[in-house]
Amino acid sequence: GAVVSQHPSWVICKSGTSVKIECRSLDFQATTMFWYRQFPKQSLMLMATSNEGSKATYEQGVEKDKFLINHASLTLSTLTVTSAHPEDSSFYICSALGQGDSPLHFGNGTRLTVT
Amino acid sequence: GENVEQHPSTLSVQEGDSAVIKCTYSDSASNYFPWYKQELGKGPQLIIDIRSNVGEKKDQRIAVTLNKTAKHFSLHITETQPEDSAVYFCAASEDTGFQKLVFGTGTRLLVSP
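Quick caveat: nothing in here was measured; it's all calculated off a predicted structure.

With that out of the way, let us pick up the nonpolar core. As a rule of thumb, soluble globular proteins bury nonpolar side chains together. Core analysis: the largest hydrophobic core is formed by 24 residues, its most contacted members being Trp35, Phe73, Leu75, Tyr88 and Leu109 of chain B. Mapped onto this core, the elements with two or more residues apiece are strand S2 (10-14), strand S3 (19-25), strand S4 (32-38), strand S5 (45-51), strand S7 (62-67), strand S8 (72-77), strand S9 (86-92) and strand S11 (107-112) of chain B. Among residues more than four places away in sequence, those in contact with Leu109 of chain B are Leu11, Val13, Ala19, Ile77, Asp84, Ser85, Ala86 and Tyr88 of chain B. The next biggest cluster of nonpolar side chains, apart from the first, holds 23 residues, and it includes Cys23, Leu79, Ala84 and Leu112 of chain A.

The structure is reproduced here in structure tokens:
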């Protein structure tokens, strides 16, 4: 079946550095991908919607200059956390939408720890 | 915007018992309601979904019911097994094609052998 691959699965970085997370749809083309953030024991909160070939749409309260999203192809979207701070430590999850009525498929998430 | 509430937050059952998780939503325009299972350290996995033109859907031990008038939908798991232990999320979306989902707060299900 359809698979969404997310890389890396975990990353530790120092404050002030930037981290890039990749989300790939492995066997289908995804014109739309979504990025979520999940704090421990909490639900998924949508951060932004990534559309291939156009600018991402950010949810209210999400800083677009801090969370840079690029969706350069139909199989790849990237999220870059710029100038990371400890409060950015979280579980980041992407999802990809296929064609027609196919359901949304999620990646396995990236645990970011900022020290 | 849409708001999805989910109950209970935790649910403990004995192996073989049934488990029921309930969600309510606020936006009557929502017409797509998926359920996800999330295991520790992993992303959500779709287990079943239902669209607004259907009142009930079943897949082996899992069933979902939808009451559009009351704006609530439920997940039913029968003959629970320890491997069913996980966090379950309901979600609602206004547009099945776009699938901008609003998630419930999650239910931690623990099935004891």
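Right, picking up where we left off after that structure.
Residues and elements named next belong to chain A. Strands sit in the order S1-S3-S8-S7 across an open sheet of four strands; the sheet is antiparallel. In this open sheet, the two edge strands, each paired with only one partner strand, are strand S1 (4-7) and strand S7 (67-73). If you compare each strand with its neighbour and ignore which way they point, the axes differ by 15° on average. With four bridges joining them, S1 and strand S3 (residues 19-25) adopt antiparallel strand pairing. Of the residues in S3, the one forming a bridge with Val4 is Ser25.

Attention now goes to the pairing of S9 of chain B. Residue and element names in this part refer to chain B. Most of S9 is tucked away, with seven of its seven residues classed as buried. Along S9, one buried face is formed by Ala86, Tyr88, Cys90 and Ala92 and the opposite face, lined by Val87, Phe89 and Ala91, is buried too. Across four bridges, the pairing between S4 and S9 is antiparallel. The residue of S9 that forms the bridge with Trp35 is Cys90. Bridging between S9 and S11 involves three bridges; their strand directions are antiparallel. The residue bridging Val87 from the neighbouring strand is Arg108, located in S11. Bridge count for S9 against strand S10 (residues 102-103) is two bridges, and the pairing is antiparallel. Within S10, the residue paired with Ala92 across the bridge is Val102.

Conventions and cut-offs
- Residues numbered from 1 in each chain as written.
- Chains lettered and ligands numbered in written order.
- Predicted model: local features only at pLDDT ≥ 70, side-chain atom pairs only at ≥ 80, totals over all residues.
- Heavy atoms only, no water.
- Core = buried A, V, L, I, M, F, W, Y, C linked by side-chain atoms within 4.5 Å.
- Buried < 20%, exposed > 50% of the residue type's maximum accessible area, 1.4 Å probe, protein only.
- Helix = DSSP H or I, 4+ residues; strand = E, 2+ residues; numbered from the N terminus.
- Contact = heavy atoms within 4.5 Å.
- Pairing = 2+ DSSP bridges.
- Axes fitted to C-alpha atoms, helices over the stretch in contact; angles between N-to-C directions.

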